[in-house]
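Notes for the structure review
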Protein chains: 2
Amino acid sequence: MTTPGAADARAAYEKLQAEGMKLDLTRGKPSSEQLDLATPMLSLPGDDFRAADGTDTRNYGGLHGLPELRAIFAPFLQVPVEQLVAFGNSSLELMHDTLVHALLSPLPGAERRWADEERVVFLAPVPGYDRHFGVCERLGIELVPVPMTDDGPDMDVVEQLVAADATVKGIWCVPKYSNPTGAVYSDETVRRLASMPTAAPDFRIIWDNAYAVHHLTEHEAEIADVLALAAEAGHPDRPFVVGSTSKITLAGAGVAFLGASAENVDWWIRLTSKRTIGPDKTNHLRHVRFLRDADGLRAHMRRHREIIAPKFAVVDEILTREFADTPGIEWSKPAGGYFVTLTVPEGTATEIIRLAKEAGLALTPAGATHPYGEDPQDSIIRLAPTFPPLPEVRKAMEGVVVCVRLALSERG
Amino acid sequence: MTTPGAADARAAYEKLQAEGMKLDLTRGKPSSEQLDLATPMLSLPGDDFRAADGTDTRNYGGLHGLPELRAIFAPFLQVPVEQLVAFGNSSLELMHDTLVHALLSPLPGAERRWADEERVVFLAPVPGYDRHFGVCERLGIELVPVPMTDDGPDMDVVEQLVAADATVKGIWCVPKYSNPTGAVYSDETVRRLASMPTAAPDFRIIWDNAYAVHHLTEHEAEIADVLALAAEAGHPDRPFVVGSTSKITLAGAGVAFLGASAENVDWWIRLTSKRTIGPDKTNHLRHVRFLRDADGLRAHMRRHREIIAPKFAVVDEILTREFADTPGIEWSKPAGGYFVTLTVPEGTATEIIRLAKEAGLALTPAGATHPYGEDPQDSIIRLAPTFPPLPEVRKAMEGVVVCVRLALSERG
């Protein structure tokens, strides 16, 4: 198929605008159909509110969270159950609060609390997750971008930066089905992250395993065990592992998890004990009663896959049909997670997103995948196809095609 | 009744020890019977998961919390509904996080964030709530005690301290059925707090209205509207009002509220938006379906009263029987809330609590009602009678009597 001329592109766009579309591919939200899978939870746990050990889940207490829920998720998050905390409804909260704790109280191994450092830097693999960057921006932690590869962050760059500069205190990682590229960290990347020498004695990896069980294909990706590798390398306190059921059960009413070395977890619990008497254990129990065990969780995730894999297939189908041979246009073909990264010719992402918006199609703002909202190539567009029904995903992607074509034709 | 001699007191204590009692009056926890009142919630909301405005409560979003839940609680917390946020399961979290936000980002009206102040001081009315003090101790905020009266904090002392010193940035208040004395702030106290000149432009009142609807008698105490009075006095941003349903519905699975001026709420939401995508709206809806409206809430609280008022009556009955005429022994007769404050002769509280512990009766540690755990008179004991069943409260209080008598007789 040949690229149509500028006039054709303009005409197609005007037709698109005339349709008065109102669609949204911005956020990684589950669809109603996905949420329906877990809606039986909203009648649980009923009268049977005692935990396996007899604890009355209705009352105060239990800062580590319900042991039987932690036991279900421990193997999937690769954290020993006694080092895994089950908490509130948001893993973003757990990451944010962990950095707040580090700012206000010295981490295990730290010389001082981060608020008393002149400068605190986190490495941000790009393209990456805008909410990670938002936490740092809000807390005054400086972000330094490092390039992503198909195997995770470019480790040559990472190793150099962390070895040279003690102000580099951490790195953001989404190790499986990365947001937004879908990359799965190779075992070698994980090993290097876990074992690399760092100038900072209190360097931390925020290991956001958000898509641990969120497979889109029969092949279920596995990643290396960062906690075990870090311990083997003599850096047991380096990783903080997080995850949640937000995209497993109910997005607003899930349970988030935090795992780390025993010393990190003790530190975290000690500080958190000043903040709350404990998480909502009835919601933990609700999850246990609904998911039951590891097999229940796996079966549940297959049902999600049946709903969302066709949406990702449509995205790929339409992009392939239209742009397979277009120079400068590439896209990820994720085997899991919630996003497709569309790479467009340099300097056109902002314009494509603007055109889409004016045609009633909301896309994630240009630059959102980069610290401070600045994509220096202006070429990355994050597509999130899970929320709209399948026909709308198709319609939205046909709209994306029209906007890309117009932007490219007008660029001349 | 005459005080028995030292030998009798010792004999009674040894008998108590021999009973091998294992009772606990330490924390303000609801009993199982109270939690049973709200257990039907654990089957809600079922399939009917849409909010009044059609919002799918299962999905992400809605940082301010469910409007219909906020509407039920707004009048009780004396906050306009549009300025009231419904959030997670803990008001302690909301207070802690508000101070964290103030440390890391300038409050409305502040010259700088508190982390950049040389010294930040909060006033702590004593006796007070140990978890309030714990938040400040953990965050490096200095606590200065001020005496409580039956009408609230001694306002002459408060006014002098806040006017003289710009490092005094806040005060902790439990204005209704105060923890632990049961005092209800007089209208005059509230007016003075709301209108007093403060050296700090960013002075805040943490108005922990934890027992807003937790009455123990027919007479339902009302307090003046601190937000309205502060606004009238030209200090609209001064109060942060908090409350929760922890002692209304389920202690571990309730909903906490934060109310303040529109500007404070915007500030709080803006910072919180970097931390989470939103609270658990299904739990908000669960509360709406269960409590229904203001009348439902009032009726529910009367059922709590029927369960716990007899426990407070037993505490008063036994203390009156034993110590009505004992010099140096006094106790509060709260009309609401969760605590009785027992004042014993100077220098005996620690010994009484030690004796109780060795007889298998856990009491709140001596000094817990004071900053840094230091009660300079060593005379305040906080009793929390709600959790044990009524016969155990009686048994525990008979044990308290034995320990008090022994401590007093040994003091000579």
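Each value, and the rule that gives it
- Residues numbered from 1 in each chain as written.
- Chains lettered and ligands numbered in written order.
- Predicted model: local features only at pLDDT ≥ 70, side-chain atom pairs only at ≥ 80, totals over all residues.
- Heavy atoms only, no water.
- Pairing = 2+ DSSP bridges.
- Helix = DSSP H or I, 4+ residues; strand = E, 2+ residues; numbered from the N terminus.
- Contact = heavy atoms within 4.5 Å.
- Buried area = accessible area lost by both parts, 1.4 Å probe.
- Salt bridge = Lys/Arg side-chain N within 4 Å of Asp/Glu carboxyl O.
- Nonpolar A, V, L, I, M, F, W, Y, C, P; charged D, E, K, R; others polar.
- Expected span 1.5 Å × (residues − 1).
- Buried < 20%, exposed > 50% of the residue type's maximum accessible area, 1.4 Å probe, protein only.
- Polar contact = N/O pair within 3.5 Å; in protein donor to acceptor, adjacent residues only side chain to side chain.
- Axes fitted to C-alpha atoms, helices over the stretch in contact; angles between N-to-C directions.
- Parallel < 35°, antiparallel > 145°, perpendicular 65-115°, else oblique.
- Right-handed = clockwise from strand over helix to strand, strands pointing away.
- Least-squares fit on C-alpha atoms with pLDDT ≥ 70 in both.
- pLDDT = per-residue confidence, 0-100.
- Phe/Tyr/Trp six-rings, centres within 6.5 Å; stacked < 30°, edge-to-face > 60°.

In this section: the sheet that holds strand S13 (residues 380-383) of chain A. All names here are of chain A. Judged by pairing direction, the sheet is antiparallel, and its 3 strands sit side by side in the order S10-S11-S13 without closing on themselves. Strand pairing shows two members of the sheet lacking a second neighbour, strand S10 (330-331) and S13, which therefore form its edges. Strand direction decides the pairing type here: S10 and strand S11 (residues 340-343), joined by 2 bridges, are antiparallel. Opposite Glu330, over in S11, you have Thr343 as the bridge partner.

If you look at the interface, chain A gives 56 residues, while chain B gives 56 residues. At the boundary of chain A with chain B, total buried surface from both sides reaches about 4,500 Å², with 51% on carbon and sulfur atoms. Remark: the boundary between chain A and chain B carries 6 salt bridges. Residues Arg58 of chain A and Asp36 of chain B are paired through a salt bridge, measuring 2.6 Å at the closest nitrogen-oxygen approach. Of all the secondary structure elements, the ones that give two or more residues to the side of chain A that touches chain B are helix H2 (32-38), helix H4 (91-104), helix H5 (130-139) and helix H10 (281-291) of chain A. Counting residues per element, the side of chain A that touches chain B draws most heavily on H4 of chain A, which supplies 8 residues. In terms of residue class, the side of chain A that touches chain B is made up of 21 nonpolar, 19 polar and 16 charged.

Before going further, it helps to spend a moment on H4 of chain A. All names here are of chain A. Here H4 spans 20 Å end to end across 14 residues, near enough to the 20 Å set by a 1.5 Å rise per residue. Within H4, 14 of the 14 residues are buried, which leaves it mostly tucked inside the rest of the structure. For H4, the N-terminal cap is Ser90; the gap from its side-chain oxygen to the backbone nitrogen of Leu92 is 3.3 Å.

Here we come to unusual backbone geometry. Residues Leu44 of chain A and Pro45 of chain A are joined by a peptide bond in cis, for which omega reads 0°. Locating Pro45 of chain A in the fold gives a position in the loop between H2 and helix H3 (67-77). A cis geometry characterises the amide bond from Val126 of chain B onward to Pro127 of chain B, with omega recorded as 0°. Looking at where Pro127 of chain B falls in the secondary structure, it is placed in the loop between strand S3 (121-126) and helix H5 (130-139). The backbone of Tyr177 of chain A sits at a positive phi, close to 50°, despite the residue not being glycine. Residue placement: Tyr177 of chain A occurs in the loop between strand S6 (168-173) and helix H7 (187-195). According to the relative accessible area criterion, Tyr177 of chain A is buried, its value standing at 1%.

All names here are of chain B. Running from N to C, helix H4 (residues 91-104) and helix H9 (residues 262-272) cross one another at 90°; their axes reach a closest spacing of 11 Å. Classified by the interaxial angle, the pair formed by H4 and H9 is roughly perpendicular. Contact residues: H4 offers Leu94, Thr98, His101 and Ala102, while H9 offers Trp267, Trp268, Leu271 and Thr272. Among the residues forming the contact of H4 with H9, the class breakdown is 5 nonpolar, 3 polar and no charged.

Taken as a whole and judged by the stated rule, the model has 52 salt bridges over all chains. Across the salt bridge formed by Arg113 of chain A and Asp116 of chain A, the nearest N and O atoms sit 3.0 Å from each other. Notably, a salt bridge pairs Arg305 of chain B with Glu218 of chain B, separated by 3.3 Å at the nearest N-O pair. Of this pair, Arg305 of chain B sits in helix H11 (residues 294-323) while Glu218 of chain B sits in the loop between strand S7 (204-208) and helix H8 (226-232), and the two are 87 residues apart along the sequence. On the accessibility criterion, Glu218 of chain B (66% relative accessible area) is exposed. Beyond isolated ion pairs, a larger network of salt bridges with shared partners links Glu93, Asp97 and Arg275 of chain A together with Glu93, Asp97 and Arg275 of chain B.

The next point concerns the pairing of S6 of chain A. Consecutive side chains along a regular strand alternate between the two faces of the sheet. Residues and elements named next belong to chain A. With respect to burial, S6 is a largely interior element, 6 of its 6 residues being buried. Bridge count between S6 and strand S7 (residues 204-208): 4 bridges; the pairing is parallel. Across the sheet, the residue bridging to Gly170 is Arg204, located in S7. The β-α-β motif built from S6, the intervening H7 and the parallel element S7 has right-handed crossover chirality.

At an RMSD of 0.0 Å, chain A and chain B line up after a rotation of 180° and a shift of 0.0 Å along the axis. Within this description, the copies of the chain are treated as partners about a two-fold rotation axis. Distance from the rotation axis, computed per C-alpha, reaches its smallest value in chain A at Ser43 of chain A: 2.0 Å. Looking at the interface residues of chain A, 100% of them are also at the interface in chain B, so both copies use one shared face.

Here we take up the confidence of the model for chain A. A residue-level look at chain A finds 99% of positions with pLDDT of 70 or above and a mean pLDDT of 97. Of the two predicted TM-score estimates for the complex, the pTM is 0.97 and the ipTM is 0.97.

Residue and element names in this part refer to chain A. Residue position: Glu117 is located in the loop between H4 and strand S3 (121-126). Overall, Glu117 belongs to the buried group, its relative accessible area being 18%. Among the polar contacts made by the side chain of Glu117, one reaches the side chain of Lys169 at a distance of 3.4 Å.

This next bit is on the sheet that holds S3 of chain A. Residues and elements named next belong to chain A. Pairing is mixed across the open sheet formed by 8 strands, whose spatial order is S2-S9-S8-S7-S6-S3-S4-S5. At either margin of the open sheet sits one strand with a lone partner, and together these are strand S2 (84-86) and strand S5 (152-153). Summarising the sheet, S3 and strand S4 (residues 142-149) pair through 6 bridges and their orientation is parallel. Bridge pairing links Leu123 to Val144 in S4. Contacts between H3 and the sheet are confined to S2, strand S8 (239-244) and strand S9 (256-259), with S2 contributing the most and set at about 130° to the helix.

For the rest of this paragraph, the subject is the environment of Leu139 of chain A. If you trace the backbone, Leu139 of chain A turns up in helix H5. For Leu139 of chain A, a relative accessible area of 6% puts it in the buried group. Sequence separation of Leu139 of chain A and His96 of chain A is 43 residues, and the distance between their C-alpha atoms is 8.7 Å. Not counting chain neighbours up to four residues away, the residues in contact with Leu139 of chain A comprise His96, Leu99, Val100 and Leu103 of chain A together with Leu104 of chain B.

Further remarks concern the environment of Ala396 of chain A. All names here are of chain A. The residue Ala396 is located in helix H13 (residues 390-411) in this model. Sequence-wise, Ala396 and Leu363 are 33 residues apart; in three dimensions their C-alpha atoms are separated by 9.8 Å. If sequence neighbours within four positions are ignored, Ala396 has contacts with Leu23, Leu25 and Leu361.

The way to describe two aromatic rings as a pair is by their centre distance and the angle between their planes. Residues and elements named next belong to chain A. If you walk through the whole model with that rule in mind, you get 14 aromatic pairs over all chains. On the numbers, 5.2 Å between centres and 90° between planes, the contact of Phe87 with Trp268 is edge-to-face. Of this pair, Phe87 sits in the loop between S2 and H4 while Trp268 sits in helix H9 (residues 262-272); the two residues are 181 residues apart in sequence, bridging distant segments of the chain. In this structure Phe87 comes out as buried when scored by relative accessible area, which is 6%. The structure contains a cluster of three or more aromatic residues connected by ring pairs, namely Trp114, Phe122 and Trp172.

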